[in-house]
Amino acid sequence: MLEEIIAAAHRNLAVRENQVPLSEVKATARRAPEPRDGRAALRQGPGAVSIIAELKRRSPSKGALATISDPKRLATAYEDGGAALISCMTEPDFFGGDLADLKQVRAAVSIPVIYKDFVVSPYQIHEARAHGADMVLLLVEALAQPQLEAFIERIDSLGMSALVEVHSRLEVCRALDAGAQAIGVNARSWSTYQVDRANFAQVVDLVPAEVVAVAESGVRGPHDVFEYAQAGADAVLVGESLVTSDDPRQLVADMVSAGSHPALQTDRKARVQRTVLGNQIHHYHQR
(Lines give C-alpha, C1' and ligand atoms only; values in the text may rest on other atoms or scores of the structure.)
Protein backbone atom coordinates (compact mmCIF):
# COMPACT_ATOMS: atom_id res chain seq x y z
CA MET A 1 0.00 0.00 0.00
CA LEU A 2 2.71 2.48 0.95
CA GLU A 3 4.62 1.76 -2.27
CA GLU A 4 1.47 2.50 -4.28
CA ILE A 5 0.85 5.74 -2.41
CA ILE A 6 4.45 6.89 -2.87
CA ALA A 7 4.31 6.06 -6.59
CA ALA A 8 1.14 8.14 -6.87
CA ALA A 9 2.84 10.98 -4.99
CA HIS A 10 5.65 11.05 -7.55
CA ARG A 11 3.18 11.04 -10.45
CA ASN A 12 1.09 13.85 -9.02
CA LEU A 13 4.19 15.83 -8.15
CA ALA A 14 5.48 15.60 -11.73
CA VAL A 15 2.22 17.09 -12.98
CA ARG A 16 2.33 20.01 -10.53
CA GLU A 17 6.02 20.70 -11.22
CA ASN A 18 5.22 20.88 -14.91
CA GLN A 19 2.38 23.31 -14.27
CA VAL A 20 4.05 25.56 -11.69
CA PRO A 21 7.87 25.84 -11.57
CA LEU A 22 9.63 25.67 -8.21
CA SER A 23 10.76 29.29 -8.52
CA GLU A 24 7.15 30.42 -8.64
CA VAL A 25 6.19 28.23 -5.69
CA LYS A 26 9.08 29.68 -3.65
CA ALA A 27 8.00 33.21 -4.50
CA THR A 28 4.47 32.47 -3.32
CA ALA A 29 5.82 30.90 -0.15
CA ARG A 30 7.81 34.05 0.63
CA ARG A 31 4.62 36.13 0.40
CA ALA A 32 2.66 33.81 2.70
CA PRO A 33 1.85 34.95 6.25
CA GLU A 34 4.44 34.04 8.88
CA PRO A 35 4.03 30.46 10.09
CA ARG A 36 2.63 29.85 13.56
CA ASP A 37 4.55 27.82 16.13
CA GLY A 38 3.07 24.36 15.69
CA ARG A 39 5.52 22.64 18.00
CA ALA A 40 4.61 25.00 20.86
CA ALA A 41 0.92 24.33 20.24
CA LEU A 42 1.55 20.61 20.70
CA ARG A 43 2.61 21.17 24.29
CA GLN A 44 -0.22 22.26 26.61
CA GLY A 45 1.85 21.83 29.74
CA PRO A 46 2.02 19.20 32.50
CA GLY A 47 -1.07 17.05 32.77
CA ALA A 48 -2.66 18.31 29.54
CA VAL A 49 -2.68 16.77 26.08
CA SER A 50 -3.20 18.70 22.83
CA ILE A 51 -5.71 17.47 20.28
CA ILE A 52 -4.79 17.52 16.59
CA ALA A 53 -8.03 17.31 14.60
CA GLU A 54 -7.69 15.98 11.06
CA LEU A 55 -9.58 16.56 7.83
CA LYS A 56 -9.64 13.58 5.52
CA ARG A 57 -12.31 12.28 3.16
CA ARG A 58 -11.12 8.76 2.48
CA SER A 59 -9.06 5.93 3.92
CA PRO A 60 -7.25 3.24 1.89
CA SER A 61 -8.70 0.57 4.16
CA LYS A 62 -12.27 1.86 4.54
CA GLY A 63 -12.88 3.91 1.42
CA ALA A 64 -15.08 7.00 1.64
CA LEU A 65 -15.42 8.44 5.15
CA ALA A 66 -16.96 11.88 4.72
CA THR A 67 -17.83 14.31 1.94
CA ILE A 68 -16.40 17.47 3.60
CA SER A 69 -17.78 19.88 1.01
CA ASP A 70 -16.85 22.83 3.24
CA PRO A 71 -13.40 22.35 4.83
CA LYS A 72 -13.57 25.81 6.42
CA ARG A 73 -16.71 24.95 8.33
CA LEU A 74 -15.30 21.70 9.70
CA ALA A 75 -11.99 23.34 10.61
CA THR A 76 -13.85 26.08 12.47
CA ALA A 77 -15.85 23.45 14.37
CA TYR A 78 -12.59 21.78 15.37
CA GLU A 79 -11.12 25.06 16.60
CA ASP A 80 -14.31 25.94 18.48
CA GLY A 81 -14.15 22.55 20.19
CA GLY A 82 -10.66 23.31 21.50
CA ALA A 83 -8.33 21.61 19.00
CA ALA A 84 -4.77 22.91 19.30
CA LEU A 85 -3.85 22.15 15.67
CA ILE A 86 -5.55 20.99 12.50
CA SER A 87 -4.06 18.32 10.26
CA CYS A 88 -5.07 18.72 6.63
CA MET A 89 -4.67 15.61 4.50
CA THR A 90 -3.93 16.77 0.96
CA GLU A 91 -3.14 13.44 -0.76
CA PRO A 92 -5.81 13.09 -3.52
CA ASP A 93 -5.80 9.51 -4.80
CA PHE A 94 -6.06 7.47 -1.60
CA PHE A 95 -7.32 10.06 0.92
CA GLY A 96 -9.41 12.42 -1.19
CA GLY A 97 -7.41 15.49 -0.20
CA ASP A 98 -6.54 18.66 -2.06
CA LEU A 99 -4.05 21.47 -1.59
CA ALA A 100 -6.98 23.87 -1.88
CA ASP A 101 -8.27 22.43 1.41
CA LEU A 102 -5.07 23.53 3.14
CA LYS A 103 -5.41 27.09 1.87
CA GLN A 104 -9.06 27.28 2.91
CA VAL A 105 -8.38 25.89 6.37
CA ARG A 106 -5.47 28.26 6.93
CA ALA A 107 -7.74 31.22 6.12
CA ALA A 108 -10.50 30.00 8.43
CA VAL A 109 -8.68 29.28 11.71
CA SER A 110 -6.17 30.95 14.03
CA ILE A 111 -4.46 27.74 15.22
CA PRO A 112 -1.52 26.06 13.43
CA VAL A 113 -2.21 23.83 10.44
CA ILE A 114 -0.28 20.69 9.47
CA TYR A 115 0.34 19.77 5.84
CA LYS A 116 -0.16 16.01 5.84
CA ASP A 117 0.88 14.25 2.67
CA PHE A 118 3.57 11.87 1.48
CA VAL A 119 6.53 14.20 1.08
CA VAL A 120 9.08 12.93 -1.42
CA SER A 121 10.54 16.22 -2.70
CA PRO A 122 11.57 19.67 -1.40
CA TYR A 123 9.03 21.04 -3.90
CA GLN A 124 6.22 19.85 -1.62
CA ILE A 125 7.74 21.60 1.40
CA HIS A 126 7.75 24.95 -0.40
CA GLU A 127 4.30 24.14 -1.73
CA ALA A 128 3.07 23.56 1.81
CA ARG A 129 4.43 26.93 2.96
CA ALA A 130 2.92 28.64 -0.09
CA HIS A 131 -0.49 27.31 0.95
CA GLY A 132 -0.10 28.48 4.54
CA ALA A 133 1.15 25.38 6.37
CA ASP A 134 2.77 25.80 9.78
CA MET A 135 3.94 22.19 10.13
CA VAL A 136 4.82 19.45 7.65
CA LEU A 137 4.48 15.74 8.29
CA LEU A 138 7.38 13.52 7.21
CA LEU A 139 7.14 9.73 7.09
CA VAL A 140 10.37 8.01 8.15
CA GLU A 141 9.44 4.78 6.38
CA ALA A 142 9.15 6.60 3.04
CA LEU A 143 12.48 8.44 3.17
CA ALA A 144 16.15 7.56 3.10
CA GLN A 145 18.10 9.03 6.03
CA PRO A 146 19.83 11.81 4.02
CA GLN A 147 16.42 12.85 2.64
CA LEU A 148 14.88 12.90 6.09
CA GLU A 149 17.67 15.08 7.45
CA ALA A 150 17.56 17.46 4.48
CA PHE A 151 13.77 17.78 4.61
CA ILE A 152 13.77 18.62 8.33
CA GLU A 153 16.41 21.28 7.70
CA ARG A 154 14.39 22.69 4.79
CA ILE A 155 11.20 22.83 6.87
CA ASP A 156 13.02 24.60 9.70
CA SER A 157 14.62 27.08 7.28
CA LEU A 158 11.15 28.15 6.13
CA GLY A 159 10.02 28.82 9.69
CA MET A 160 7.81 25.75 9.93
CA SER A 161 8.13 22.66 12.17
CA ALA A 162 8.39 19.03 11.15
CA LEU A 163 6.21 16.31 12.63
CA VAL A 164 8.18 13.14 11.95
CA GLU A 165 6.04 9.99 11.85
CA VAL A 166 7.42 6.65 13.03
CA HIS A 167 6.06 3.20 13.78
CA SER A 168 8.94 1.34 15.42
CA ARG A 169 11.74 1.88 17.93
CA LEU A 170 14.30 1.81 15.13
CA GLU A 171 12.42 4.59 13.34
CA VAL A 172 12.41 6.68 16.53
CA CYS A 173 16.21 6.47 16.52
CA ARG A 174 16.28 7.46 12.85
CA ALA A 175 14.04 10.43 13.56
CA LEU A 176 16.22 11.58 16.45
CA ASP A 177 19.36 11.15 14.34
CA ALA A 178 17.79 13.42 11.74
CA GLY A 179 17.06 16.13 14.31
CA ALA A 180 13.33 15.63 14.86
CA GLN A 181 11.81 17.77 17.64
CA ALA A 182 8.28 16.39 17.26
CA ILE A 183 7.71 12.66 16.71
CA GLY A 184 4.37 11.08 15.86
CA VAL A 185 4.01 7.39 16.71
CA ASN A 186 1.49 5.80 14.38
CA ALA A 187 -0.57 2.91 15.73
CA ARG A 188 -1.32 1.86 12.15
CA SER A 189 1.22 -0.26 10.31
CA TRP A 190 1.86 0.70 6.70
CA SER A 191 2.72 -2.94 6.02
CA THR A 192 -0.55 -4.48 7.20
CA TYR A 193 -2.72 -1.37 7.65
CA GLN A 194 -3.79 -2.85 10.99
CA VAL A 195 -4.15 -0.66 14.08
CA ASP A 196 -2.44 -1.58 17.36
CA ARG A 197 -2.97 1.14 19.96
CA ALA A 198 -0.44 -0.54 22.25
CA ASN A 199 2.30 0.37 19.78
CA PHE A 200 2.56 3.89 21.20
CA ALA A 201 3.41 2.67 24.70
CA GLN A 202 5.94 0.21 23.24
CA VAL A 203 7.79 2.97 21.40
CA VAL A 204 7.38 6.25 23.28
CA ASP A 205 9.92 5.55 26.02
CA LEU A 206 12.66 6.27 23.46
CA VAL A 207 11.32 9.78 22.82
CA PRO A 208 13.22 12.29 25.01
CA ALA A 209 11.11 14.45 27.31
CA GLU A 210 12.10 17.61 25.42
CA VAL A 211 10.89 16.12 22.12
CA VAL A 212 7.14 16.28 21.55
CA ALA A 213 5.49 12.85 21.41
CA VAL A 214 2.28 12.55 19.37
CA ALA A 215 0.03 9.49 19.40
CA GLU A 216 -1.52 8.88 15.98
CA SER A 217 -4.37 6.64 14.76
CA GLY A 218 -6.91 4.38 16.42
CA VAL A 219 -8.66 7.03 18.49
CA ARG A 220 -12.30 6.07 18.81
CA GLY A 221 -13.25 8.50 21.54
CA PRO A 222 -12.20 10.38 24.72
CA HIS A 223 -11.19 7.17 26.52
CA ASP A 224 -8.49 6.47 23.94
CA VAL A 225 -7.18 10.03 24.32
CA PHE A 226 -6.95 9.49 28.08
CA GLU A 227 -5.10 6.19 27.63
CA TYR A 228 -2.62 7.73 25.20
CA ALA A 229 -2.05 10.54 27.70
CA GLN A 230 -1.41 8.01 30.46
CA ALA A 231 1.15 6.33 28.20
CA GLY A 232 3.08 9.60 27.88
CA ALA A 233 1.62 11.42 24.86
CA ASP A 234 1.95 15.20 24.64
CA ALA A 235 -0.61 15.32 21.83
CA VAL A 236 -3.07 13.01 20.10
CA LEU A 237 -4.00 13.10 16.41
CA VAL A 238 -7.63 12.18 15.66
CA GLY A 239 -9.09 11.76 12.18
CA GLU A 240 -11.69 9.15 11.28
CA SER A 241 -13.82 9.41 14.42
CA LEU A 242 -14.10 13.18 13.96
CA VAL A 243 -14.93 13.32 10.25
CA THR A 244 -17.61 10.65 10.73
CA SER A 245 -19.10 12.30 13.84
CA ASP A 246 -22.51 13.99 13.82
CA ASP A 247 -21.10 16.68 16.13
CA PRO A 248 -17.34 17.07 15.59
CA ARG A 249 -17.13 20.24 17.68
CA GLN A 250 -18.55 18.46 20.74
CA LEU A 251 -16.41 15.37 20.18
CA VAL A 252 -13.26 17.50 20.04
CA ALA A 253 -14.37 19.24 23.24
CA ASP A 254 -14.90 15.86 24.94
CA MET A 255 -11.44 14.72 23.82
CA VAL A 256 -9.85 17.93 25.05
CA SER A 257 -11.54 17.37 28.41
CA ALA A 258 -10.26 13.78 28.55
CA GLY A 259 -6.76 15.00 27.70
CA SER A 260 -6.76 17.43 30.62
CA HIS A 261 -8.31 15.13 33.21
CA PRO A 262 -7.08 15.91 36.76
CA ALA A 263 -5.79 12.34 37.12
CA LEU A 264 -3.20 13.05 34.44
CA GLN A 265 -1.63 15.78 36.55
CA THR A 266 -0.62 13.27 39.21
CA ASP A 267 0.00 10.20 37.05
CA ARG A 268 3.51 11.03 35.84
CA LYS A 269 4.86 7.48 35.54
CA ALA A 270 4.91 7.36 31.72
CA ARG A 271 6.58 10.74 31.34
CA VAL A 272 9.16 9.92 34.02
CA GLN A 273 10.08 6.82 32.02
CA ARG A 274 10.41 8.99 28.92
CA THR A 275 12.67 11.38 30.81
CA VAL A 276 15.02 8.65 32.02
CA LEU A 277 15.45 6.51 28.91
CA GLY A 278 14.59 9.15 26.32
CA ASN A 279 17.12 11.61 27.68
CA GLN A 280 19.81 8.92 27.63
CA ILE A 281 19.02 8.36 23.96
CA HIS A 282 19.03 12.11 23.34
CA HIS A 283 22.45 12.61 24.95
CA TYR A 284 23.81 9.69 22.92
CA HIS A 285 22.60 11.24 19.68
CA GLN A 286 24.05 14.63 20.65
CA ARG A 287 27.47 13.01 21.02
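No experiment lies behind these values; they were computed from the predicted model shown. Every chain is numbered independently, its residues counted from 1 as its sequence is written. The predicted origin of the model limits local features to residues at a pLDDT of at least 70 and limits the giving and counting of side-chain atom pairs to 80 or more, whereas totals for whole chains, interfaces and linings rest on all residues. Heavy atoms from the whole structure form the basis of all side-chain values; hydrogens and water molecules are not counted.

Trainee: Quick question: what am I supposed to make of the pattern of salt bridges here?
Mentor: A side chain with one charge can pair with a side chain of the opposite charge if their charged atoms come near. By salt bridge we mean one thing: a side-chain nitrogen of Lys or Arg within 4 Å of a carboxyl oxygen of Asp or Glu. Applying the stated criterion to the full structure yields eight salt bridges. In this structure, Arg-106 and Asp-134 form a salt bridge, with 2.2 Å as the shortest nitrogen-oxygen distance. Highlighted residues: Arg-106 in helix α5 (residues 99-108) and Asp-134 in the loop between α6 (122-130) and β6 (135-139), separated in sequence by 28 residues. Working definition: helices are DSSP H or I runs of at least four residues, strands are E runs of at least two. Numbering for both runs from the N terminus.

Trainee: Explain the sheet that holds strand β5 (residues 113-116) here, please?
Mentor: The strands making up a sheet associate through hydrogen bonds between their backbones, and the pairing can be parallel or antiparallel. For two strands to count as paired, DSSP must find a minimum of two bridges between them. Strands sit in the order β1-β4-β5-β6-β7-β8-β9-β10 around a closed barrel of eight strands; the barrel is parallel. When the angles between neighbouring strand axes are averaged without regard to direction, this sheet yields 25°. For strand β1 (residues 50-55) and strand β4 (residues 85-89), the ladder comprises four bridges, and the chain directions are parallel. Across the sheet, Leu-55 pairs through a bridge with Cys-88, a residue of β4. Along the sheet face, α5 touches β1, β4 and β5 and points at about 175° away from the line of β5. Here an angle of 0 to 180 degrees is reported between the N-to-C directions of two axes, which are lines fitted to C-alpha atoms, with helices fitted over the stretch in contact. Here a residue-residue contact requires only that any non-hydrogen atoms of the pair lie within 4.5 Å.

Trainee: Please explain the side chain of Asp-234 as it appears in this structure.
Mentor: Looking at the secondary structure, you find Asp-234 in the loop between α10 (222-230) and β10 (235-238). Under this definition, polar contacts are N or O atom pairs within 3.5 Å; protein pairs additionally need one hydrogen-donor-capable and one acceptor-capable atom, and for neighbouring residues in sequence, both atoms have to be side-chain atoms. Here the side chain of Asp-234 touches Arg-43 through a polar contact of 3.5 Å, side chain to side chain.

Trainee: What am I meant to see in the environment of Ile-51 here?
Mentor: By secondary structure assignment, the location of Ile-51 is in strand β1. Sequence separation between Ile-51 and Val-252 is 201 residues, and the spatial gap between their C-alpha atoms is 7.6 Å. Setting aside anything within four residues of it in sequence, one finds Ile-51 in contact with Ala-83, Ala-84, Leu-85, Val-225, Val-236, Val-238, Met-255 and Val-256.

Trainee: Mind showing me how you'd approach a negative patch on the surface here?
Mentor: Judged by side-chain charge, Glu-149, Glu-153, Asp-156 and Asp-177 come together as a negatively charged surface patch. Broken down by element, the negative patch gets its largest block of residues, three residues, from helix α7 (residues 145-157). Mapped onto the secondary structure, Glu-153 falls in helix α7. Think of a patch as exposed residues, more than 30% relative accessible area, with no salt bridge, where like charges cluster within 9 Å and nonpolar side chains (Val, Leu, Ile, Met, Phe, Trp, Tyr) cluster within 5 Å. Values of accessible area rely on a 1.4 Å probe in the Shrake-Rupley scheme; residue burial ignores everything except the protein chains shown. Positive charges are assigned to Lys and Arg, negative charges to Asp and Glu, while His and the chain termini are left out of the count. A single reference atom marks each charge: NZ on Lys, CZ on Arg, CG on Asp, CD on Glu.

Trainee: What's the story with the layout of surface pockets in this structure? I'm lost.
Mentor: Any empty space left between atoms is shown by rolling a water-sized probe over those atoms. As defined here, a cavity is a set of points on a 1 Å grid over the protein atoms alone where a 1.4 Å probe fits but cannot get out. A pocket is an open set with protein on both sides within 12 Å along at least five of seven lines, and residues line them when an atom is within 4 Å of a point. Grid points are joined across faces, edges and corners, and a volume is the space filled by probe spheres set on the points. Each pocket or cavity is described by its volume, and for the largest pocket that value is around 420 Å³. Lining the largest pocket we find 28 residues, and of these Lys-56, Arg-188, Ser-217, Gly-218 and Glu-240 sit closest to its centre. Volume-wise, the second largest pocket comes out at about 230 Å³. Along its surface, the second largest pocket is lined by Ala-66, Thr-67, Ile-68, Ser-69, Asp-70, Arg-73, Leu-74, Ala-77, Leu-242, Val-243, Ser-245 and Pro-248. Breaking the lining of the second largest pocket down by element, the ones donating at least two residues are α4 (71-81) and α11 (240-243). Considering every element that reaches the lining of the second largest pocket, the biggest residue donor is α4, with three residues. Any residue outside Ala, Val, Leu, Ile, Met, Phe, Trp, Tyr, Cys, Pro, Asp, Glu, Lys and Arg is labelled polar, Gly included; the first ten of those are nonpolar and the last four are charged. Tallied by class, the residues present in the lining of the second largest pocket amount to seven nonpolar, three polar and two charged.

Trainee: Which parts of the structure should I look at to understand the nonpolar core?
Mentor: Joining through side-chain atoms within 4.5 Å is the link that ties buried Ala, Val, Leu, Ile, Met, Phe, Trp, Tyr and Cys residues into a set, and such a set is a nonpolar core. The cut-offs for exposure are 20% and 50% of the maximum accessible area for each residue type, with area from a 1.4 Å probe on protein chains only; residues under the lower value are buried, those over the upper are exposed, and the others partly exposed. If you look at the biggest cluster of nonpolar residues, it comprises 68 residues, and the most contacted ones within it are Tyr-78, Leu-138, Ile-183, Phe-200 and Val-236. Not counting residues within four places of it along the chain, the set of residues in contact with Leu-138 comprises Val-119, Leu-143, Leu-148, Phe-151, Ile-152, Ile-155, Ala-162, Leu-163, Val-164 and Glu-165. In this structure, Ile-5, Ile-6, Ala-8 and Leu-13 belong to the second largest nonpolar core, which totals 18 residues.

Trainee: Can you help me understand the packing of α4 against α5 in this one?
Mentor: When two helices pack together, you describe them by how their axes are tilted relative to each other and by the distance separating the axes. One way to put it is that α4 packs onto α5 with a least axis distance of 9 Å and a crossing angle of 45°. Overall, the two elements α4 and α5 adopt an arrangement that is oblique. For the element pair α4 and α5, the recorded crossing hand is right-handed. Contacts between α4 and α5 involve Pro-71, Lys-72, Ala-75, Thr-76 and Glu-79 on the former and, on the latter, Asp-101, Gln-104, Val-105 and Ala-108. For the contact of α4 with α5, the per-class residue count stands at four nonpolar, two polar and three charged. Throughout, the term roughly parallel applies to angles under 35 degrees, roughly antiparallel to angles over 145, roughly perpendicular to angles from 65 to 115, and oblique to all others. Crossing chirality is assigned from the near helix's rotation relative to the far helix, an anticlockwise turn below a right angle marking it left-handed and a clockwise turn marking it right-handed.

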